[in-house]
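Descriptive structure summary
Each chain, letter by letter, is given below.
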Amino acid sequence: MAEKRIVAKALEDFGDDWHWVVLHDAEPRGDRAFWASSVDTICGIALAEGGVVVTLHDTGAPDQPNCARCLNEGVSPGLRQALDEVLDVVQAVPIVVR
Ligand SMILES: [Zn+2]
């Protein structure tokens, strides 16, 4: 199953920081919604477990996170390229986990 990575923040939990958010085992649920087995960030914040529907909202996320730990940890050049490809499709958007 696929992992989907996007630049996002959970509006209620993340303050002003944008993170690389990872949707594990992501499956499309319509235009802007994905089911995921769990949701966390590259810097290690667990957002949801046990299966959630994540809705993407296009409110103008940046091209890259401003979370230093997301930018500096665990992102190899190859992964960064993969992320860029994902971003071409998904756009950079914040998310709401419900
Ligand atoms: Zn982060």
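Quantities reported herein were computed from a predicted structural model and do not represent experimental measurements. (Residues numbered from 1 in each chain as written. Predicted model: local features only at pLDDT ≥ 70, side-chain atom pairs only at ≥ 80, totals over all residues. Heavy atoms only, no water.)

1. Regarding the pattern of salt bridges
Following the criterion strictly, the structure yields two salt bridges and no others. The salt bridge involving Arg5 is made with Glu3; its shortest N-O contact spans 2.9 Å. (Salt bridge = Lys/Arg side-chain N within 4 Å of Asp/Glu carboxyl O.)

2. What about unusual backbone geometry?
Unlike most non-glycine residues, Asp25 shows phi in positive territory, near 55°. Relative to the elements of secondary structure, Asp25 occurs in the loop between strand S2 (19–24) and strand S3 (27–28). (Helix = DSSP H or I, 4+ residues; strand = E, 2+ residues; numbered from the N terminus.)

3. What to know about the side chain of His24
Along the chain, His24 turns up in strand S2. Polar contacts involving the side chain of His24 include one to the side chain of Glu3, which spans 3.0 Å. The contact partners of His24, leaving out residues within four places of it in the chain, are Ala2, Glu3, Ala36, Ser37, Ser38, Val39 and Asp40. (Polar contact = N/O pair within 3.5 Å; in protein donor to acceptor, adjacent residues only side chain to side chain. Contact = heavy atoms within 4.5 Å.)

4. A look at the environment of Ala61
Topologically, Ala61 is positioned in the loop between strand S5 (46–56) and helix H1 (68–72). The exposure class assigned to Ala61 is buried, which follows from its relative accessible area of 15%. C-alpha of Ala61 to C-alpha of Trp18: the two residues are 43 residues apart in sequence and 7.7 Å apart in space. (Buried < 20%, exposed > 50% of the residue type's maximum accessible area, 1.4 Å probe, protein only.)

5. Overview of the coordination of the zinc ion
At 1.9 to 2.3 Å from the zinc ion lie its protein donor atoms, namely His19 (ND1), Cys43 (SG), Cys67 (SG) and Cys70 (SG). One can describe the donor arrangement at the zinc ion as tetrahedral, given that its four donor atoms subtend angles of 103 to 116° at the metal. Between consecutive donor residues of the zinc ion, the sequence gaps follow H-x23-C-x23-C-x2-C. Of the two residues, His19 is situated in strand S2 and Cys70 in helix H1; the sequence distance between them amounts to 51 residues. As far as burial versus exposure is concerned, His19 and Cys70 are alike and both buried. (Donors = N, O, S within 2.8 Å, 3.2 Å for Na, K, Ca; no water. Tetrahedral: all angles 85-135°; square planar, octahedral: opposite > 155°, others 65-115°.)

6. Focus on the environment of Ser37
Among the structural elements, Ser37 can be located in strand S4 (residues 33–41). Separated by 13 residues in sequence, Ser37 and Gly50 have C-alpha atoms that sit 5.6 Å apart. For Ser37, the side chain forms a polar contact with the side chain of Asp25, separated by 2.6 Å.

7. A few points about the pairing of strand S1 (residues 4–8)
With five of five residues buried, S1 is to be regarded as a mostly interior element. Side chains Lys4, Ile6 and Ala8 project from S1 onto one buried face, and the interleaved Arg5 and Val7 project onto a second face that is buried too. Where S1 and S2 come together, five bridges link them in antiparallel fashion. Note that in S2 the partner of Arg5 across the bridge is Val22. (Pairing = 2+ DSSP bridges.)

8. Examining the environment of Gln64
Along the chain, Gln64 turns up in the loop between S5 and H1. Separated by 45 residues in sequence, Gln64 and His19 have C-alpha atoms that sit 8.0 Å apart.

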